[in-house]
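# Architecture and fold: a report
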Amino acid sequence: MSAVIHEAHDDGHHDGPPAGFKRWLYSTNHKDIGTMYLIFALVMLFLGGAMAMLIRVELFMPGLQIVEPDFYNNLVTDHALIMVFGLVMPAAAGMANWMIPMMIGAPDMALPRMNNMSFWLLPAAAILLVSSMAVQFIPGTGVPVNTGWTLYPPLSVQTGLGMDLLIFSVHLLGISSIMASINIVTTILNMRAPGMPLMKMPLFVWAWLFTGLLLIIIMPVLAGGVTMLLFDRHFGTSFFDAAGGGDPVLFQHLFWFFGHPEVYVLLLPSIGVLGLVIPTFSRKPLFGYKPLVFFMGFLFALGLVVWAHHQYTIGMSLGATTYFMIGTILISIPVGLMIFNFIFTMWRGSMTFETPMLFAIAIILMFSFAGVTGVMLAVVPADLQYHDTYFVVAHFHYALIPGAVFGLYAGVFYWLPKWTGHMYNETHGKIFFWWTTLSFNLTFFPQHFSGLAGMPRRIVDYNIQYIEFNQISSIGGILFGLSHLLFLYIIIKTVKGGEKATDKPWEGAQIGTPGLEWTLPSPPPFHSFTTPPQIK
Amino acid sequence: MKDNEQLDIEAKKDMSAANIWTAIVLITIAIIVGMMPFFYLKDMVVPG
């Protein structure tokens, strides 16, 4: 094989991208596939965001306003699935595709054809997901998917055809994630340039190594769980049916064995972005690189064994409950230490506050807030009060929007000059930052209070006593949604033109980490490294 | 146009076999973990 390839070498063919749709459909180029992931995530951001805005419009007033209860719960379900599987994971995978080979000096991903398939499964999964929502408008297809993203039986066994489409969608999403993770882990382990040991890799690469391994362990469990659900629905099994000797609580364990580490899957790539952005704009090496890698490993391991803190109300034994409570509280140690590492990196640095850095600082502040409410929720007797209230909704939106989505925004603004060859408009970037940050807090901060006052989640109507909190949330939600039109404008404007970006557009880039991406032109050539880069 | 395998070989030693074996190990782990719910967990989870 290799002999044949050598014979075909140097035949004068050009090295540019193929023309037309084949460039994208058949692409095995990591940058093109990364771009497709990012565009897909952007489309899903607007789809899932539109659903969220519809939810907030409905909740502006108590009583039924514009949607039916089952459709409302369908919106809640699909909003979550789209944001988790359609936005955050593909956007993080897009950044991994773009940046990891360039950071470690690899010519491309280790398994480029599998990379192509990983991406192209996503649009198919998205079509199934949207179909699962649309099918309710066809008579005779049963109740819409009204379970929430957790898909708990017995409700999920009783819903209509939409649930089957959703299960197949989750299968495709799972296959796509597993293949992408295998590719990324293999690339990191095998394709590093000579002179780049694991402990010299940029933190973003480490973050994705742990993320990839986590996904390989957890996604098959979700796939197994929803397959058992499918069997219960159509093939007469009773995995989750107490009448047939099964147990619906089993599904909760399977789901949360996936669902809790999934939080870290969403979070870790953003921590990796912070590990690049904060040293760059503080102009100081990362404080405690090795401990940060260790803390991420600790988070990886601990995250796998604390899932049942989502299920305190099911009636577990005292021993199990205590174990899950202590384990969950322990997670605050590595997360807190990571935050201290980032603060110490900024300490006495020559800081400037470009848009990526503003997002990084906002993440530290707001994600810490989610950490505090997380410890509150980890404590069993307290959680029994907070469970299934808007307090939980506020907590996980504070964890995931700053923790994951703002990290992605920081990454987009940090790498946009490298990807496009143009600098974005810094004033527009800062307006976007303040607009999103203020409107995000306006949306979700009041939900802590409505939750503590007892407002239940996933219900279309609410008691009139919660009206003020909900109206503030709804106004914030609409503003938060609209801010993304500016985000879209900034991206399109930067792609189309603007001030030319240098190879290293940020003065402090590459301080402390030997990432090789800044040694390439902006934008990089179609094939990044045709000869192995040398790392000094 | 050069394909990715060709560029791999230009860039450094051929890692194709190592890549495929790493992928096989990882996918084996994924399959084992995915099958576990069917064979083990059903009897392990008892509500308190």
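Everything below is about the structure shown above.
Everything numeric here is computed off the predicted structure, so don't read it as measured data.

For the rest of this paragraph, the subject is the overall build of chain B. Across its full length, chain B holds two helices and zero strands. With the model as given, the accessible surface of chain B reaches about 2,900 Å², and the carbon-plus-sulfur share is 72%.

Residue and element names in this part refer to chain A. Residue Tyr-414 marks the point of greatest curvature in helix 14 (residues 390-420), where the axis turns by about 40°; the proline Pro-417 follows within four residues. Counting buried positions over the 31 residues of helix 14 gives 29, a clear majority of the element. Note on helix 14: the residue one or two positions beyond its end, Gly-421, has a positive phi of about 85°.

Residues and elements named next belong to chain A. At a minimum axis distance of 10 Å, the contact between helix 3 (residues 30-58) and helix 5 (residues 112-134) shows a crossing angle of 15°. Considered as vectors, helix 3 and helix 5 are oriented roughly parallel to each other. The interaxial crossing formed by helix 3 with helix 5 has left-handed handedness. Residues His-30, Ile-33, Met-36, Tyr-37, Phe-40, Met-44, Leu-47 and Met-51 of helix 3 pack against Pro-112, Asn-115, Asn-116, Ser-118, Phe-119, Trp-120, Leu-122, Pro-123, Ala-126, Val-130 and Met-133 of helix 5.

The subject of this paragraph is the environment of A:Thr345. Residues and elements named next belong to chain A. Mapped onto the secondary structure, Thr-345 falls in helix 11 (residues 318-346). Here the alpha-carbon distance between Thr-345 and Phe-137, two residues 208 residues apart in the chain, equals 54 Å. Aside from chain neighbours lying at most four places away, what touches Thr-345 is Ile-278, Pro-279, Ser-282, Lys-284, Pro-285, Leu-286 and Phe-287.

Let's shift gears to the nonpolar core. Ranked by internal contacts, the top residues of the largest apolar core, which has 186 residues, are A:Phe204, A:Trp208, A:Phe406 and A:Trp415. Apart from the residues lying within four places of it in its own chain, the contact partners of A:Phe406 are A:Phe359, A:Ala362, A:Ile363, A:Met366, A:Ile401, A:Thr436, A:Thr437, A:Phe440 and A:Phe480.

To continue, consider unusual backbone geometry. Residue and element names in this part refer to chain A. A cis amide bond links Pro-153 with the next residue in sequence, Pro-154, at an omega value of 5°. Here Pro-154 shows up in the loop between helix 5 and helix 6 (155-158). Looking along the chain, the bond that leaves Ser-522 and enters Pro-523 is cis, with omega of -10°. Here the phi dihedral of Arg-348 falls at roughly 60°; this positive angle occurs in a residue that is not glycine. Looking at the element boundaries, Arg-348 is found in the loop between helix 11 and helix 12 (355-378). We note that Arg-458 has phi near 60°; this positive angle belongs to a residue other than glycine. Inspection of the secondary structure puts Arg-458 in the loop between helix 15 (426-452) and helix 16 (467-496). Among the residues examined, Arg-458 registers a relative accessible area of 24% and is labelled partly exposed.

Turning our attention to the environment of A:Asn425. Residues and elements named next belong to chain A. Turning to its location among the elements, Asn-425 is positioned in the loop between helix 14 and helix 15. A relative accessible area of 30% places Asn-425 in the partly exposed class. Along the primary structure Asn-425 and Leu-400 are separated by 25 residues, whereas in three dimensions their C-alpha atoms are 26 Å apart. Engagement of the side chain of Asn-425 in a polar contact is seen with the backbone nitrogen of His-428, the distance being 3.1 Å.

About the criteria used
- Residues numbered from 1 in each chain as written.
- Chains lettered and ligands numbered in written order.
- Predicted model: local features only at pLDDT ≥ 70, side-chain atom pairs only at ≥ 80, totals over all residues.
- Heavy atoms only, no water.
- Helix = DSSP H or I, 4+ residues; strand = E, 2+ residues; numbered from the N terminus.
- Areas by Shrake-Rupley, 256 points an atom, 1.4 Å probe, with all protein chains shown as cover.
- Bend = angle between axes of the 7 residues up to and from the residue.
- Buried < 20%, exposed > 50% of the residue type's maximum accessible area, 1.4 Å probe, protein only.
- Axes fitted to C-alpha atoms, helices over the stretch in contact; angles between N-to-C directions.
- Parallel < 35°, antiparallel > 145°, perpendicular 65-115°, else oblique.
- Left-handed = near helix turned anticlockwise from the far one by under 90°.
- Contact = heavy atoms within 4.5 Å.
- Core = buried A, V, L, I, M, F, W, Y, C linked by side-chain atoms within 4.5 Å.
- Polar contact = N/O pair within 3.5 Å; in protein donor to acceptor, adjacent residues only side chain to side chain.

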